Amino acid sequence: MRSPHLVPELSSFPFPPTRPAGSDPRGRLFTVMRILPLLACLLLSTSFAQDIEFQFHIHQMEPAIGQALEGRLIAGGDAAAEAVAKLPDFVRQGRVEEAVSLSLTTPAGERAIGKSGEGTVMLPSRDAVKGLEIEIDPALQNGFINLNFYASFTTIVKGDPRERVVTSQTRGQSGQPMLLCRWQFDAASLLLTGTATAAGGDTSSKAPNDVLFVESAYYDSASAAKFNRDRLASTLIPCLSGQSCRSEIVGWIEDENIIEDEQPGFRSYLTPALYEDGTLKLRATCGYIIESGGRTRLDNGDRVRRLKIRDVSEMLELKEGELAGRRADLSGLEDVETEDDTHVAAFRFSRAGSE
């Protein structure tokens, strides 16, 4: 992730043209004196960058509750603030569980990393932070907080590590909660929210309208997708037009014959492009992998757990709020051939400020 430029590069700064040799030295002195205050302002703005305070929370809930909260978070402003204010009541009622929280402060324009703890979880190819790890690259622009971010939330589920990941971009108002990701696998739905507060930030109730929220999901049939019934796995993430983003839910298993991209779980890689007529053209690669029971023998003779690997890779055209989907291709571990499947990968988008 690359931080946006907060000040112009020196090479592009509008210096006056150099005077020819032998010209009036008082003119050269005047030019230097005119440049010095500008350079001083440039250096001061770098030295005293605006601090931004972040609060991140992950709540676990039933998908129905999560879906109700999502609409308000997408609407932003007062609706989002009211939705998040209700979460402590839901926690006390046992309808929602706060899984983890994290505070982080960093100057605008500087990348920062935060962790919810020092523990680690061993994955087959690397170690991951146990709990929440966040990497952010924030900037202040026109009163809004622009944010490039990466988040990973790793826990142990039924004895195996489960890692939930999101990498994307968003922007929001100072002091107002932002939806950063919803991960859902089977009946478990987790909501990652963040609130950024900066002096001088825009605290109005109007949310920026150029943030897109794209949902990627798998259903076992086109009928289930049409009526949003029995969603198997899904993510909902913010993104900006023209920028690529990804979200994953990986249930890691220890097996040297299963490469990283074939570990069970859900993966979505998106590149959205919003057009003036409101149409979204979405390049989407979305996979859903589950264990199908038993073991199979590879060409080299090794026995390995059976997997069902479903993939969709398409350029889709979406209208806001309307579902678009494709049937998946189904294959097994190390299969060369694929077959058509009844499962469907479906996508939907909303714009910030709408419910």
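To be clear, the structure that these remarks concern was listed above.
Since this is a predicted model, take the numbers as computed values, not measurements. (Residues numbered from 1 in each chain as written. Predicted model: local features only at pLDDT ≥ 70, side-chain atom pairs only at ≥ 80, totals over all residues. Heavy atoms only, no water.)

(A) Spatial organisation of the pattern of salt bridges. Evaluated as defined, the whole model comprises 14 salt bridges. In this structure, R246 engages E248 in a salt bridge whose closest nitrogen and oxygen atoms are separated by 3.1 Å. We classify E248 as buried; its relative accessible area is 10%. Bridged by salt links that share partners, the residues E70, R182, E215, R231 and R348 form one connected network. (Salt bridge = Lys/Arg side-chain N within 4 Å of Asp/Glu carboxyl O. Buried < 20%, exposed > 50% of the residue type's maximum accessible area, 1.4 Å probe, protein only.)

(B) Broad picture of the pairing of strand β9 (residues 177–185). Counted residue by residue, β9 has 9 buried out of 9 residues, so it is predominantly covered. With 8 bridges joining them, β9 and strand β10 (residues 188–197) adopt antiparallel strand pairing. Looking at the pairing, P177 lines up with T195 of β10. Between β9 and β10, which follow one another and run antiparallel, lie 2 residues, and D186 among them has a positive phi close to 60 degrees. Relative to strand β12 (residues 233–240), β9 is paired through 4 bridges, and the arrangement is antiparallel. The partner of F185 across the bridge, within β12, is A233. (Helix = DSSP H or I, 4+ residues; strand = E, 2+ residues; numbered from the N terminus. Pairing = 2+ DSSP bridges.)

(C) Quick look at the nonpolar core. Formed by 51 residues in total, the largest nonpolar core has its most connected members in F56, L132, I136 and F347. Ignoring sequence-local partners within four residues, the contact set of I136 consists of F54, F56, L104, T106, E110, R111, A112, L147, N148 and F149. With 17 residues, the next largest nonpolar core counts L73, I74, L240 and A352 among its residues. (Core = buried A, V, L, I, M, F, W, Y, C linked by side-chain atoms within 4.5 Å. Contact = heavy atoms within 4.5 Å.)

(D) Structural context of the layout of surface pockets. When its volume is computed, the largest pocket comes out at roughly 540 Å³. Listed by contribution, the elements that provide at least two residues to the lining of the largest pocket are β2 (96–107), β7 (144–157), β8 (160–172), β10, β13 (245–251) and β15 (280–297). Class assignment for the residues of the lining of the largest pocket results in 16 nonpolar, 4 polar and 8 charged. (1 Å grid on protein atoms, 1.4 Å probe; cavity = no way out; pocket = protein on both sides within 12 Å on 5 of 7 lines; lining within 4 Å. Points joined across faces, edges and corners; volume = space filled by probe spheres on them. Nonpolar A, V, L, I, M, F, W, Y, C, P; charged D, E, K, R; others polar.)

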